[in-house]
Amino acid sequence: GDSVTQMEGPVTLSEEAFLTINCTYTATGYPSLFWYVQYPGEGLQLLLKATKADDKGSNKGFEATYRKETTSFHLEKGSVQVSDSAVYFCALGSKFTLTFGKGTMLLVSP
Amino acid sequence: ETGVTQTPRHLVMGMTNKKSLKCEQHLGHNAMYWYKQSAKKPLELMFVYSLEERVENNSVPSRFSPECPNSSHLFLHLHTLQPEDSALYLCASSQDRGDYNEQFFGPGTRLTVL
């Protein structure tokens, strides 16, 4: 079945550091790929998405590119802020199903 | 502000209680979902409704009973729960586009079963 693997956290960075959170997937067919973010005490918010190979999703300075050849969808940001501290979830979706990774906690210190 | 609201935000109940979680979406979507989020585990899809009909039920114990009276409302009825059912219960909605559905989540109900 479909699955998503994310790097273990927490990821601890200083403000303005470069961020990469790795995500790889296994899927049949051609799923869409998503990154969701969950701030403390809140539900999940869609951060960005890509619906086909080589698409790049971007939002709020975050980017991820749908790489079919490496089955990856790594999340990157050039300069993180304290306010980016949250849990990030990679997910793949088709029809009614979203398959999530376990989440990666990001902690950004001033 | 995602347009999906959930009540209550926090709930503490005993194992013999009966309670219900409520979800309402204001986005005009036609599909709604219940997820369970436990510590250290991936989100678990519990139920999916499309056009008010259940389309997926992922082996969820019968002590959880969903209800979707219309496309804007979704309930999760709880009875005789176990302490291991303590978790964050998330509701989501989407517009069925055929190939994929971008899901919008509510803030969740934090459930504690004593």
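Residues numbered from 1 in each chain as written. Chains lettered and ligands numbered in written order. Predicted model: local features only at pLDDT ≥ 70, side-chain atom pairs only at ≥ 80, totals over all residues. Heavy atoms only, no water.

Within the largest apolar cluster, 26 residues are counted, with the highest numbers of intra-cluster contacts made by Leu19(A), Trp35(A), Leu47(A), Leu48(A), Phe73(A), Leu75(A) and Tyr88(A). Those elements giving two or more residues to this core turn out to be β2 (11–14), β3 (19–21), β4 (23–26), β5 (32–38), β6 (44–50), β8 (62–65), β10 (86–94) and β12 (104–109) of chain A. In terms of residues, this core owes the most to one element, β10(A), which gives four residues. In contact with Phe73(A), not counting residues within four places along its chain, are Cys23(A), Leu33(A), Phe34(A), Trp35(A), Leu48(A), Lys49(A), Ala50(A), Ala64(A), Thr65(A), Tyr66(A) and Cys90(A). In this structure, Met13(B), Tyr49(B), Cys68(B) and Leu81(B) belong to the second largest nonpolar core, which totals 22 residues. (Core = buried A, V, L, I, M, F, W, Y, C linked by side-chain atoms within 4.5 Å. Buried < 20%, exposed > 50% of the residue type's maximum accessible area, 1.4 Å probe, protein only. Helix = DSSP H or I, 4+ residues; strand = E, 2+ residues; numbered from the N terminus. Contact = heavy atoms within 4.5 Å.)

In the segment running from Gly9(A) into Pro10(A), the intervening peptide bond is cis, with an omega of -5 degrees. With respect to the helices and strands, the residue Pro10(A) is situated in the loop between β1 (3–6) and β2. The step from Thr7(B) to Pro8(B) runs through a cis peptide bond, and the omega angle for that step is -10 degrees. Positionally, Pro8(B) belongs in the loop between β1 (4–7) and β2 (10–13).

Now for the side chain of Ser72(A). All names here are of chain A. Structurally, Ser72 is set in the loop between β8 and β9 (75–77). Among the polar contacts listed, one links the side chain of Ser72 to the side chain of Thr70, at a separation of 2.8 Å. When residues no more than four places from it in sequence are discounted, the contact partners of Ser72 are Cys23, Thr24, Tyr25, Leu33, Thr65, Tyr66 and Arg67. (Polar contact = N/O pair within 3.5 Å; in protein donor to acceptor, adjacent residues only side chain to side chain.)

On to the interface of chain A and chain B, then. The interface of chain A with chain B comprises 21 residues on the first partner and 25 residues on the second. Of the roughly 1800 Å² buried where chain A meets chain B, counting both sides, 56% is carbon and sulfur surface. Looking only at chain A, the three residues that lose the most surface to chain B are Leu44(A), Lys95(A) and Phe96(A), adding up to 37% of its buried area. Linking chain A with chain B are one salt bridge, by the criterion used here. Salt-bridge contacts for Lys49(A) lead to Glu102(B); the nearest nitrogen and oxygen are separated by 2.3 Å. The interface formed by chain A and chain B holds four residue pairs in polar contact (both at pLDDT 80 or more) in total. (Buried area = accessible area lost by both parts, 1.4 Å probe. Salt bridge = Lys/Arg side-chain N within 4 Å of Asp/Glu carboxyl O.)

Moving on: the packing of aromatic side chains. Under the counting rule described, the total for this entry stands at 11 aromatic pairs over all chains. Residues Phe34(A) and Tyr36(A) carry aromatic rings whose centres are separated by 6.1 Å and whose planes lie at 40 degrees to one another, so their mutual orientation is tilted. Judged by centre distance (6.4 Å) and plane angle (25 degrees), the ring pair of Tyr33(B) and Tyr35(B) falls under stacked. Across the pair, exposure class does not vary: Tyr33(B) and Tyr35(B) are buried alike. Each residue in the set Phe34(A), Tyr36(A), Phe89(A), Phe100(A), Tyr33(B), Tyr35(B) and Phe105(B) is aromatic and connected to the rest through ring pairs, giving one cluster. (Phe/Tyr/Trp six-rings, centres within 6.5 Å; stacked < 30°, edge-to-face > 60°.)

Residue and element names in this part refer to chain A. Within this structure, the stated rule accounts for two disulfides over all chains. Here Cys23 pairs with Cys90 through a disulfide, and the sulfurs are 1.9 Å apart. When the S-S torsion is -70 degrees, as for the bridge of Cys23 with Cys90, the disulfide is left-handed. Highlighted residues: Cys23 in strand β4 and Cys90 in strand β10, separated in sequence by 67 residues. (Disulfide = S-S within 2.5 Å.)

Across a sheet, strands are paired by hydrogen bonds formed along the backbone, either parallel or antiparallel in direction. Residue and element names in this part refer to chain B. Here four strands make up an open sheet; going across it, the order is β1-β3-β8-β7 and the pairing antiparallel. Looking at the sheet topology across the chains shown, the edges are occupied by β1 and β7 (64–70). This sheet shows a mean twist of 20 degrees between the axes of neighbouring strands, independent of strand direction. Across five bridges, β7 lies against strand β8 (residues 73–79) in antiparallel orientation. (Pairing = 2+ DSSP bridges. Axes fitted to C-alpha atoms, helices over the stretch in contact; angles between N-to-C directions.)

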